[in-house]
Amino acid sequence: MREYSLKVEDSVYCSSGLLIQLQMRLYREFQNINDASPLAVEGLALEMLAEASRRQIINKDGGAPPRWLKRARAVVHEEFSLRLSLDAIAQAVEIHPVHLARMFRKYYGCTIGEYVRRVRIENACRQMMTTEAPLAEIALANGFSDQSHFSRIFKRLKGMTPAEYRAGFAPR
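Residues numbered from 1 in each chain as written. Predicted model: local features only at pLDDT ≥ 70, side-chain atom pairs only at ≥ 80, totals over all residues. Heavy atoms only, no water.

1. Observations concerning the packing of aromatic side chains
Line of reasoning, step 1. In the structure shown here, the tally under the stated rule is six aromatic pairs.
Line of reasoning, step 2. Judged by centre distance (5.5 Å) and plane angle (75°), the ring pair of Phe154 and Tyr165 falls under edge-to-face. Of this pair, Phe154 sits in helix H8 (residues 147-158) while Tyr165 sits in helix H9 (residues 162-169); the two residues are 11 residues apart in sequence, bridging distant segments of the chain.
Line of reasoning, step 3. These aromatic residues form a ring-pair network of at least three members: Phe144, Phe150, Phe154 and Tyr165.
Line of reasoning, step 4. Just above the ring of Phe144 sits the side chain of Arg120; from NZ or CZ to the centre is 5.9 Å. (Phe/Tyr/Trp six-rings, centres within 6.5 Å; stacked < 30°, edge-to-face > 60°. Helix = DSSP H or I, 4+ residues; strand = E, 2+ residues; numbered from the N terminus. Lys NZ or Arg CZ within 6 Å of the ring centre and 35° of its normal.)

Set out below in structure tokens:
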């Protein structure tokens, strides 16, 4: 990465596009290992690094997000399983909701609602990999109204159903 100046300093979320397609190809490559797999995996990993590097949100001034915006993001991480609203988050960091929404999108490349869904899904992924809890229980614990809603959002963000994810990534 250093040789080609790729800058991947933070998590990169994706819900569609090239990065999710590369992730799915990598997943399928691990399901069907053969003699060409090491080369394919290396190539896919490099493509994913390049795409992740391109997706990094760079502010025009090159500056970091304001402190209050980092606090807003922390509020999301702390309370993702609750029913969050833009007004409640804005009130917690003492910023107008419209300004919060605009700046969040500018620095993090998505709306607060999209970010909350991503955080919920990432936490659900961790739970699916480390527990045997039923999917309905995991869905409710992560702020989804029901398993159907959870499955729909999960498939949109991860490209597979929660059951497929658990079967493919859970420890055996």
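Picking up where we left off.
2. Description of the pattern of salt bridges
Line of reasoning, step 1. Across all of its chains, the model carries two salt bridges by this definition.
Line of reasoning, step 2. Between Arg105 and Glu114 there is a salt bridge whose closest N-O contact spans 3.9 Å.
Line of reasoning, step 3. Arg105 sits in the partly exposed class, given a relative accessible area of 46%.
Line of reasoning, step 4. Classification of Glu114 by relative accessible area gives partly exposed; the value is 30%.
Line of reasoning, step 5. Its salt-bridge partner being Lys158, residue Glu122 comes within 2.6 Å of it at the nearest N-O pair. Of this pair, Glu122 sits in helix H6 (residues 112-130) while Lys158 sits in helix H8, and the two are 36 residues apart along the sequence.
Line of reasoning, step 6. Glu122 sits in the partly exposed class, given a relative accessible area of 24%. (Salt bridge = Lys/Arg side-chain N within 4 Å of Asp/Glu carboxyl O. Buried < 20%, exposed > 50% of the residue type's maximum accessible area, 1.4 Å probe, protein only.)

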